[in-house]
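Analysis of the macromolecular model
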Amino acid sequence: MRINENSSREMYKQVGMVAGPIALQSLIGSSLNLVDNLMIGGLGETALNSVGVAVQVFFVYWMLVYGFCGGAATFISQFFGVRDMVNVRRTAGFTVAVCMGFAILFFLGSVIFPEKIIRVFTSYPQVIELGAEYLRTGAPCFLMVAVTQPLTVSLRATQQTTQPLMASVAALCVNTVLNYALIYGKLGLPELGVQGAALATVCSRTIELTLILLFVFARKNPVKGPVRDFASCSRELAGRIVRNAVPTTINETMWGLGTSMYVAAYARISVTAGAAFQACNTINNLFSMAAFSIGDAVLILVGQKLGEGKKDEAYDMTKKLLKLALVVGAVMGVFTFLFGKPILSLFEFTPEGASMAWKVLMVYAATLWLEVYGGTLVTGVLRCGGDTKFAMFTEVGTVWCIGVPVAFTTALLLHWPVYLAVLGVKLEALVKSIILTFRFFSRKWLKNVIGGLSDKS
C-alpha cells in the first residue's frame, strides 16, 4: 500500500488503517488490566494495592521487551519499505531470541524469590505476601510475551494490524470470564482470589500466543517463510539491530523503572493512596495507550519512507502526524474527564480513596495531550529514523533527574497529597517535549538504517 504524497486525505486514511487496529488493541489490553483491577478491587484496597505493586514487575519487563522490539521495528519497517521479506524474517527471529533471554531471567526471579522483588516497591507485609503470590503464579507470562511481542511488531510493521487485534479480543474474553470464575469461585471453579487473577492472565496470554503463531505460520502471510530465515541473522545485521535497539531498550527499561519508582513513592504515602493511584493509572491507560497508536503509525509509515530514501516526504508526513497526535491527546484527555468518574465508581473505595482517586484522574486528563505528544516524538519520530541514542538520553535523563526526585520529594519529604505529587512529576514530560521538539526541527533524526544490508534498497 502506497501513500499519495499530494493528498493529506489519503495519508490520514492510511494512518487510520494502520493506527486504528493498534489503538483498538491497546484499548483492549488496557481493558484487560481494568477488568483485573475491578475484580481484584472487590477484595479490598489491600488486594488492589498488592496486585498494583506486583504488576510493576511485569511492567518493567514489558518495557524491556518493548524497547528492544522498538529498536528492531525500525529495521522491519524499513526492510518492508523495499519489500525485503527475508531480512524482515531475520530481524524477527533475532528479536525473539533476545527477548527470550530477558524472559528467562524474569521468570526465574519471579518463581524463586518473588518476596524480595516485591519488597522493592512496598514495606507493608500483607501487600508483600499477596503481591508475591500474584507474581509467582503469573511468571509464565514472561516467556509467552517474549514470542508474542516480536511477532506482533513484525505484523504491525508490515501493515498487518488486524491479526494482533483479533488475538487481543480473544485474550480479553478469556481473561474476563476466568477472572470472574477464579477470583470468586464461580462456574464450578475454585475461589483463588489474587492467585486466580494471575492464573486467568496466564491462560489469556496462552490463547494470545497461540493465535499469533497461527496467524504468522499457519496461513499465507508475507512474514511466513522458511525457518532458516528466522535463524540466519547475519553478524552485520545483528550488530546494527543491537546498536539501534540497545538505546531503545535502556530507554524503555529505565523509563519503566522510573515509573515504578513513582509507584513506590506514592505507595509509601498510604495504602489508600497507592490503591487510588493504581486505579487511576489503569483508567488513564484506557485512553492514553490508544492515543499512543499515533507513534506506532509514525514508526511504520515514516520508517517505510525512510527505507525508500524519501527523506523530504518523511519529514512532511511527520509534521502532520505530530499535529494529529496533539489533537488525539487532547480528545482522549476529554474522554478521561467524561468517563473517568463512572469507571472509578466501579471500584470498592472508601470515601477518602474515591476523592483522592478523582483528583489524580483529573491531573491525568489535563496533561494527556503533553504525554501523547512527547511519547510520539520518542517512540515514533526519533525511532523510525534510528535516532535512538538521543531519544534515550532525553527520556531517561528527564525521568531520573526530574521525575523520580520530584516524586519522592513531594510524597515523602513535603508530604503532599498524591494528586499534587502526580502533578509535580508532569514537569518531566514538559521538559522532555521541549527538548525533543528542537530535535525534530533539526532533521538530524532522518536516517536510513538499512543501507548496504538489502539488495532491494
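These notes cover the structure that comes with them. (Residues numbered from 1 in each chain as written. Predicted model: local features only at pLDDT ≥ 70, side-chain atom pairs only at ≥ 80, totals over all residues. Heavy atoms only, no water.)

**Thoughts on the overall build of the protein chain**
On a plain count of helices and strands, the protein chain comes out with 17 helices and 0 strands. Relative to a compact globule of 457 residues, whose C-alpha radius of gyration would be 23 Å, the protein chain shows 21 Å and is just as compact. Viewed in the frame of its principal axes, the protein chain has a C-alpha envelope of about 60 × 45 × 35 Å. Counting only residues that meet the buried cut, the protein chain has 60% of its 457 residues in that class. Carbon together with sulfur atoms contributes 67% to the accessible area of the protein chain, which is approximately 17,600 Å² in total. Side-chain charges in the protein chain split into 37 positive and 25 negative, and the spacing between the mean points of these groups amounts to 7 Å. (Helix = DSSP H or I, 4+ residues; strand = E, 2+ residues; numbered from the N terminus. Rg over C-alpha atoms; globule rule 2.2 N^0.38 Å. Buried < 20%, exposed > 50% of the residue type's maximum accessible area, 1.4 Å probe, protein only. Areas by Shrake-Rupley, 256 points an atom, 1.4 Å probe, with all protein chains shown as cover. Lys, Arg positive; Asp, Glu negative; His and termini not counted. Charge placed at Lys NZ, Arg CZ, Asp CG, Glu CD.)

**Comments concerning the state of the cysteines**
Under the criterion given, the structure shown has 0 disulfides. For Cys99, which is in no disulfide, the shortest distance to another cysteine sulfur is to Cys69 and amounts to 3.9 Å. When its relative accessible area of 0% is taken as the criterion, Cys99 is described as buried. (Disulfide = S-S within 2.5 Å.)

**Considerations on the nonpolar core**
Formed by 136 residues in total, the largest nonpolar core has its most connected members in Tyr266, Val302, Leu344 and Trp445. Per element, the largest residue contribution to this core is 17 residues, and it comes from helix α2 (residues 45-81). Ignoring any residue separated from it by four or fewer positions in sequence, one finds Tyr266 in contact with Ala273, Gly274, Phe277, Ala407, Val418, Ala421, Val422 and Val425. (Core = buried A, V, L, I, M, F, W, Y, C linked by side-chain atoms within 4.5 Å. Contact = heavy atoms within 4.5 Å.)

**Quick look at unusual backbone geometry**
If you check the backbone angles, His415 has positive phi at about 55° while not being a glycine. Structurally, His415 is set in the loop between α15 (388-413) and α16 (418-425). Judged by its relative accessible area of 60%, His415 is exposed. Its identity is not glycine, yet Arg443 carries a phi of approximately 65°, on the positive side. Among the structural elements, Arg443 can be located in the segment after α17 (427-442). Of the residues examined, Arg443 reaches a relative accessible area of 33% and is grouped as partly exposed.

**Some words on the packing of α15 against α17**
Axis separation between α15 and α17 bottoms out at 9 Å; the angle between their running directions is 155°. What the angle tells us is that α15 and α17 run roughly antiparallel. The handedness of the crossing between α15 and α17 is right-handed. Of the residues in α17, those in contact with Phe390, Thr394, Glu395, Thr398, Val399, Ile402 and Gly403 of α15 are Leu427, Glu428, Val431, Lys432, Ile435, Leu436 and Arg439. (Axes fitted to C-alpha atoms, helices over the stretch in contact; angles between N-to-C directions. Parallel < 35°, antiparallel > 145°, perpendicular 65-115°, else oblique. Left-handed = near helix turned anticlockwise from the far one by under 90°.)

Functional significance is not addressed by these values, which are geometric in nature.
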